[in-house]
Amino acid sequence: MAESDNIVVETAEKIFADLADPQTINNDKKNSWQAPLWQALSEAGLPLSWVPDDLGGSGASLADGFALLNAAGRFAVAVPLAETMLAGWLLAQAKITSPEGEMTVLPASPKDRITLAPDGSLSGRARGVPFAKAARHFAVLAHGKDGFSIALVDVSKGRIESGLNVGYDHSDTVTLDKVQPVTIKPAPKEFDQTTMMLMGGVARSLQIAGALEAMLDISVRYSNERVAFEKKISKFQAVQHNLARLAGESAAALAAATSAADAIANAKSFDDEVYLEAASAKIRCAEAAEKGGGIAHQVHGAIGFTNEHILHRYSLRALAWRDDFGSESHWAVELGKLVANRGADELWPLVASR
Amino acid sequence: MTAALRFDPIRLPEKCEQLRKEVRAFLAEEIAAGTFDPHKPNREDTDAPEFSRRVGAKGWLGMTWPKKYGGQERSFLERYVVTEEMRVANAPTRRFFVADRQSGPVLIKYAPEHIKMEILPRICRGEICFAIGMSEPNSGSDLFAAKTRATKTDGGYLINGTKIWTSSAHIADYMIAIFRTSQPTKENRRHGLTQFLVKMKQPGIQVNPIGQITGQYEFNEVVFTDFFVPEDHVLGEVDGAWKQATSELAYERSGPERFLETYYVLTELVRAVGPNPDTRSAEGIGRLVAQLHTMRRMSVSVAGMLQAGKEPVVEASIVKDIGTVWEQQLPHRVRDLAAFVEETATNRETLERQLDFAIKTAPKLTIQGGTTEVLRGIIARGLGLR
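Model, not experiment: these values are computed from the prediction.

Peer 1: Quick rundown of the overall build of chain B? Include the residues and the values.
Peer 2: When helices and strands are counted, chain B shows eleven helices and eight strands. Taken over C-alpha atoms, the radius of gyration comes to 21 Å for chain B, in line with the 21 Å a tight globule of 386 residues would show. Overall size of chain B, expressed as C-alpha extent along the three principal axes, is 70 × 55 × 40 Å. With 386 residues in all, chain B has 51% of them scored as buried.

As structure tokens, this is what we get:
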């Protein structure tokens, strides 16, 4: 697995290892791990990694932040770290200073839309908003008649209908009804909801890839411990081949996600080539979450189906993350349209462009 | 973590893009001149000796090899670009592909200097074709069960036995083969095989073509009867071929040819659905393109590791496993999606003809050059399961 070779990831991994150990968390029925973990992450400046110093953040590079999200996936971190990072990144696009505390982003689906009225108020409904219930502020992308604006909104101004995703993390419906934001500024030219969804999708792809790395790791370890029919199950060819396929899915997810992250980190604009990278990452990582997670469960047998075992912390979250910022079906349709529209003879040049 | 799999996002350097333009221009000229039809992967004339020489003249064979052997000392990433552009265009690469990818590097590593000086420049000029003699009637995936004997005689070895499924043996000038020089030992069943360079088209070698389910004849049975191989044609250590086999696998298994073999049907599907696809077609195409893009990024990553002097055997096996399964399923997925293509699509006939061939080709893709089962065994070993 990607050994950390940067200070951001090193810092994060140390905090995760100390305060987000999956087994410890899994045994903790009162969620008493959450506050100390968030505090440690905040003290290290990690939730505002993508926010420049002058806007209240720690000014890490996009690349370092992406690597941090991959590490967070390896620990199935269940605090709004990715969400706050994305919110800070969104606000920074419009040079809005990030406040302290947990944030999340609206909308979180390409289908939803928040609108900006001429009186400066925001309205609209956003479904599947991760960790809305835990957030203190929303970073909002809003459609107005003059284009997109980015706003900071106090959560108390919105109505939250609380829900859980398949990974048991908060995934809430947020309704804004003529809400006055704390701050609102125009989005940069060419910044639109697709840009935001692609960025969110790549964040989720990296988390899924991290979760798959961890699932591969614990599945291999388990197969080398568990004895059945008088030998370790890792010695059965059927199990070996399943694990080899899991390694393939994990590798594909990691390659797709890190490639897309690299593309965005070095992109001057979100052109067709970055679109291909980011959409492909979400599609392929979501497919890997299904196939790879399924194998991890198969290897573990009944024990992996229990609350006591940590496997579900990874497998269910990886499945849940598929839904955020556009599902794989959504991106497949959009990517398919883009490819068809460019025409058959432009497909290979697009694929070979990077 | 147990499994240190790395797929770093390697980007092709700028000079590769210049090279890509040159390759595309060259292929466009060849197509315009009628050398080959990119829409016909099932043509009969897969052996195109003149085309092979023209590719050699461009300096695109043995690109990564030392200049003294006729090479260009260019990078694996540059070679990668040439390979993928040729493959996507359905160019007739049969005559030089094996020599360029595999046989040349083996000779560079293990052949005596005078043989390198004699043969490598000819590969670079696109003059000669190589075959690989691995499988035998009773040893396929189980390479180390090979029985074809090389018996020591004055000044060399006498070869007796049969190789089978040998691609291109009917046109090959040389074969790199493994023959049995000793019996396996109790401690090491892989002991006793030696790698040889064999000059083809001589008495004592009989090549019998074998018809394939695609209608093509590209593999063969090769029978050796008291065939003499001189001493200096031994490649590497006598009885020690098993030590030499593994490092080549990363080259053989991770290239773009491991997922692009049936790519043409995807292009044709995109053409058939037109610029405004329905939701079903769009989603199907989107998923296939995402999968293709991901494999290519993995494959380029392995090429980058090779360039950096690493031996990413497990990563390469993963690329071949995922890549070949994908290219095998591709014609079937395209067929699914093509079911509702308008009757009026202008390329409908081309697509149908291509699907017919790709569907017949598909079964071999997960068998040739290391079966899926063998690959998964290698990956499992890399994971520490064996």
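On we go.
Peer 1: Explain the overall build of chain A residue by residue, including any values.
Peer 2: Each helix and strand in chain A was counted, giving eleven helices and ten strands. Computed over its C-alpha atoms, the radius of gyration of chain A comes to 20 Å, within 12% of the 20 Å expected for a compact globule of 354 residues. Overall, chain A is about 75 × 55 × 35 Å in size when its C-alpha atoms are taken along their principal axes. Out of the 354 residues belonging to chain A, those deemed buried represent 57%. The contacts of chain A with a sequence gap of at least 6 include a subset with a gap of at least 24, amounting to 72%.

Peer 1: Which residues make up the interface of chain A and chain B, and what values go with them?
Peer 2: Contact residues are listed per partner, giving 46 residues for chain A and 47 residues for chain B. Put simply, the parts of the chain that give the side of chain A that touches chain B at least two residues each are α6 (193–225), α7 (237–265), α8 (272–300), α10 (328–342) and α11 (347–351) of chain A. Broken down by element, the residue count for the side of chain A that touches chain B peaks at 15 residues, all from α7(A). In terms of residue class, the side of chain A that touches chain B is made up of 25 nonpolar, 13 polar and eight charged.

Peer 1: Tell me about the environment of B:His332, and name the residues and values.
Peer 2: Inspection of the secondary structure puts B:His332 in helix α9 (residues 313–338). Along the backbone, B:His332 and B:Ala362 are 30 residues apart, and their C-alpha atoms lie at a distance of 9.1 Å.

Peer 1: Can you lay out helix α5 (residues 81–93) of chain A for me, pointing to particular residues and giving the numbers?
Peer 2: Residues and elements named next belong to chain A. Compared with the 18 Å implied by 1.5 Å per residue over 13 residues, the 19 Å span of α5 between its first and last C-alpha is a close match. Burial analysis of α5 places 13 of its 13 residues in the buried class, the great majority of the element. With its phi angle positive at about 60°, Lys95 sits one or two positions after the end of α5.

Peer 1: Can you lay out the nonpolar core for me, pointing to particular residues and giving the numbers?
Peer 2: In terms of nonpolar packing, the biggest core is built from 243 residues, with A:Val202, A:Ala257, B:Met175 and B:Leu269 touching the most fellow members. In terms of residue count, α6(A) provides more of this core than any other element does, 17 residues in total. Filtering out sequence-adjacent residues up to four positions away, A:Val202 remains in contact with A:Ala257, A:Ala260, A:Ala261, A:Ile264, A:Ala278 and A:Ala281.

Peer 1: So what's going on with the pairing of strand β2 (residues 113–116) of chain A? Residues and values would help.
Peer 2: All names here are of chain A. Here β2 shows one buried face, formed by Ile114 and Leu116, and one open face, formed by Arg113 and Thr115. Pairing of β2 with strand β3 (residues 122–130) involves four bridges; the strand directions are antiparallel. Each residue of the ladder has a partner; that of Arg113, found in β3, is Arg125. Between β2 and β3, which pair antiparallel one after the other, the connecting turn spans five residues, and Gly120 there sits at a positive phi close to 85°.

Peer 1: Lay out helix α2 (residues 49–57) of chain B in plain terms, naming residues and giving numbers.
Peer 2: It helps to recall that an α-helix has 3.6 residues per turn; residues three or four apart then point in one direction. Residues and elements named next belong to chain B. Residues Phe51, Ser52, Val55 and Gly56 constitute the buried set of α2. Taken down its axis, α2 places every buried residue within 145° of arc, on the same side. Within α2, the exposed residues directed more than 90 degrees away from the buried face are Glu50 and Ala57. Of the residues trailing α2, Gly59 is marked for its positive phi of about 85°.

Peer 1: Give a description of unusual backbone geometry that names residues and reports values.
Peer 2: When glycine is set aside, most residues are seen to have a negative phi, and most peptide bonds are trans. With an omega dihedral of -15°, the bond running from A:Leu106 to A:Pro107 counts as a cis peptide bond. Mapped onto the fold, A:Pro107 is located in the loop between β1 (103–106) and β2. If you check the backbone angles, B:Asn90 has positive phi at about 60° while not being a glycine. Looking at the element boundaries, B:Asn90 is found in the loop between α3 (76–88) and α4 (94–110). The buried category is assigned to B:Asn90, around which 22 C-beta atoms lie within 10 Å. Positive phi outside glycine occurs at B:Asp226, with the angle close to 45°.

Peer 1: Break down the environment of A:His143 for me, citing the residues and quoting the values.
Peer 2: Residue and element names in this part refer to chain A. Topologically, His143 is positioned in strand β4 (residues 137–144). The class for His143 is partly exposed, based on 16 C-beta atoms found within 10 Å. For His143 and Ala286, which are 143 residues apart along the polypeptide, the C-alpha to C-alpha distance reads 28 Å. Leave out the neighbours within four places in its chain, and His143 touches Arg113, Thr115, Leu116 and Phe148.

Reading guide: rules and limits
- Residues numbered from 1 in each chain as written.
- Chains lettered and ligands numbered in written order.
- Predicted model: local features only at pLDDT ≥ 70, side-chain atom pairs only at ≥ 80, totals over all residues.
- Helix = DSSP H or I, 4+ residues; strand = E, 2+ residues; numbered from the N terminus.
- Rg over C-alpha atoms; globule rule 2.2 N^0.38 Å.
- Buried ≥ 20, exposed ≤ 12 C-beta atoms within 10 Å, placed from the backbone.
- Contact = placed C-beta atoms within 7 Å.
- Nonpolar A, V, L, I, M, F, W, Y, C, P; charged D, E, K, R; others polar.
- Expected span 1.5 Å × (residues − 1).
- Core = buried A, V, L, I, M, F, W, Y, C linked by C-beta atoms within 7 Å.
- Pairing = 2+ DSSP bridges.
- Arc of directions from axis to C-beta.

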